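# Understanding the architecture of this molecule
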Amino acid sequence: MGLTLANYLRFEWARSTMMILFGGLSEEDAMPGKRADVISWDEFFMRVAIAASMRSKDPNTQVGACIADGDHRILSVGYNGTPMGLGDDEFPWGASDDPLHDKHSYVIHAEANAILNYRGSLKDMSGATVYVTLFPCQECAKTLVQAGIGEVVYLDDKYDGTIGNQIAKAVLDRCGIKYRKIDLPESAMH
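## A few points about the overall build of the protein chain
Counting its regular elements, the protein chain contains six helices and five strands. Traced from its N-terminal end to its C-terminal end, the protein chain shows the element sequence α-α-α-β-β-α-β-α-β-α-β. Residue burial in the protein chain is summarised as follows: out of 190 residues, 37% are buried. Within the protein chain, contacts between residues at least 6 apart in sequence are counted, and of these 59% link residues at least 24 apart. Accessible area of the protein chain: about 11,800 Å², with a carbon and sulfur share of 56%.

Dropping the structure here:
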C-alpha cells in the first residue's frame, strides 16, 4: 500500500500541528505563504475605538472605546455622547459655569456607553480589555472595575497628573486592573 498525496498531506498537517503545540516549529513556519504584515490585535481594537470616536458630536474631545474579550471578540463599542432621547441639536456642546448649560452635565463617556451598549451578561466582561482613545476619568475607572474589566489599553493621557487622573489610576491600581499606553502609526489615526 503506497502513500497517497492525501495521506501525506494529512500526516504533514498532523506533524506540523504537534510541532506547534509541543514546541520546535513556529506557526509562521508551519503555514507558508501566510501574510505576515497583519496588524496586531491591539492595533485592530484601537482602530475600532478610533472609528467609534468619529461618531462623537463633541467639538473638542472625541473619545471611543472598544471592549474585547480574551478570545479577540468585540463585546461592545461606545463613544462620548448624549443619552438616548436627548437630541444632539438641543444640547449645549460648550463648557459653562452654569451646570444646566455645560456639556459635562449631560455627556456619557465612551467607556460607560460601551458597557451600557453591551447586551450580554456582564460576567462575559470579566477579564476583558477596554481599548480607549483617552485614559479613563475617575468615574469611568470605577465603572470599568465594577464591570469586571481586566485591562485598559489607551492611546492618549492628556489629563496625566491631574487630580482626577491620579484618582483614576489609584482606583485601577488598587483593584488590580492593568493599564498601558499603545502607540499607533500615524496612518492608523485617520
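## A word on a nonpolar patch on the surface
On the surface, Ile39, Trp41, Phe44 and Ile74 cluster together to form a nonpolar patch covering roughly 360 Å² of accessible area. With relative accessibility at 45%, the residue Trp41 sits in the partly exposed group.

## Some thoughts on the packing of aromatic side chains
Scanning all chains against the criterion turns up six aromatic pairs. Plain terms: the ring middles of Phe135 and Tyr154 are 4.9 Å apart, the flat faces sit at 85° to each other, and that makes the pair edge-to-face. With Phe135 in the loop between β3 (129-134) and α5 (138-147) and Tyr154 in strand β4 (residues 151-156), this pair connects stretches of sequence that are 19 residues apart. Summarising the burial analysis for this pair, Phe135 and Tyr154 share the class buried. Plain terms: the ring middles of Phe135 and Tyr179 are 5.4 Å apart, the flat faces sit at 80° to each other, and that makes the pair edge-to-face. Of the two residues, Phe135 is situated in the loop between β3 and α5 and Tyr179 in strand β5 (residues 178-181); the sequence distance between them amounts to 44 residues.

## Structural notes on the sheet that holds strand β2 (residues 74-79)
Spatially, five strands are ordered β2-β1-β3-β4-β5 in an open sheet, and the strand pairing comes out mixed. With one partner strand each, in any of the chains shown, β2 and β5 form the two edges of the open sheet. Along the sheet, successive strands turn relative to each other by an average axial angle of 15°, direction set aside. Where β3 and β4 come together, five bridges link them in parallel fashion. Bridge pairing in β4 places Tyr131 opposite Val153.

## Description of the packing of α5 against helix α6 (residues 163-174)
Packing of α5 against α6 leaves a shortest axis separation of 8 Å and a crossing angle of 15°. For the element pair α5 / α6, the angle class is roughly parallel. For the element pair α5 and α6, the recorded crossing hand is right-handed. Across the interface between the two elements, Gln138, Ala141, Lys142 and Val145 of α5 pack against Gly164, Ile167, Ala168, Val171 and Leu172 of α6. Residues belonging to the contact of α5 with α6 are distributed by class as follows: six nonpolar, two polar and one charged.

## Digging into α5
Considered for burial, the residues of α5 that qualify are Cys140, Ala141, Leu144 and Ala147. End-on view of α5: buried residues confined to an arc of 125°, all on one side of the axis. Next to the buried residues of α5 lie α4 (110-117), β3, β4 and α6. Backbone geometry just downstream of α5 places Gly148 in the positive-phi region, at approximately 90°.

## Section: the pairing of β3
For β3, the tally of buried residues reaches six of six residues, placing the bulk of the element in the interior. Two strands pair when backbone bridges link them, and strand β1 (residues 64-68) and β3 are joined in this way by four bridges, in the antiparallel orientation. Within β3, the residue paired with Cys66 across the bridge is Tyr131. With respect to chirality, the unit in which β3 leads through α5 into the neighbouring parallel β4 is right-handed.

Thresholds, definitions, all that
Residues numbered from 1 in each chain as written. Predicted model: local features only at pLDDT ≥ 70, side-chain atom pairs only at ≥ 80, totals over all residues. Heavy atoms only, no water. Helix = DSSP H or I, 4+ residues; strand = E, 2+ residues; numbered from the N terminus. Buried < 20%, exposed > 50% of the residue type's maximum accessible area, 1.4 Å probe, protein only. Contact = heavy atoms within 4.5 Å. Areas by Shrake-Rupley, 256 points an atom, 1.4 Å probe, with all protein chains shown as cover. Patch = residues over 30% accessible without salt bridge, like charges linked within 9 Å, V, L, I, M, F, W, Y side chains within 5 Å. Salt bridge = Lys/Arg side-chain N within 4 Å of Asp/Glu carboxyl O. Phe/Tyr/Trp six-rings, centres within 6.5 Å; stacked < 30°, edge-to-face > 60°. Pairing = 2+ DSSP bridges. Axes fitted to C-alpha atoms, helices over the stretch in contact; angles between N-to-C directions. Parallel < 35°, antiparallel > 145°, perpendicular 65-115°, else oblique. Left-handed = near helix turned anticlockwise from the far one by under 90°. Nonpolar A, V, L, I, M, F, W, Y, C, P; charged D, E, K, R; others polar. Arc of directions from axis to C-beta. Right-handed = clockwise from strand over helix to strand, strands pointing away.

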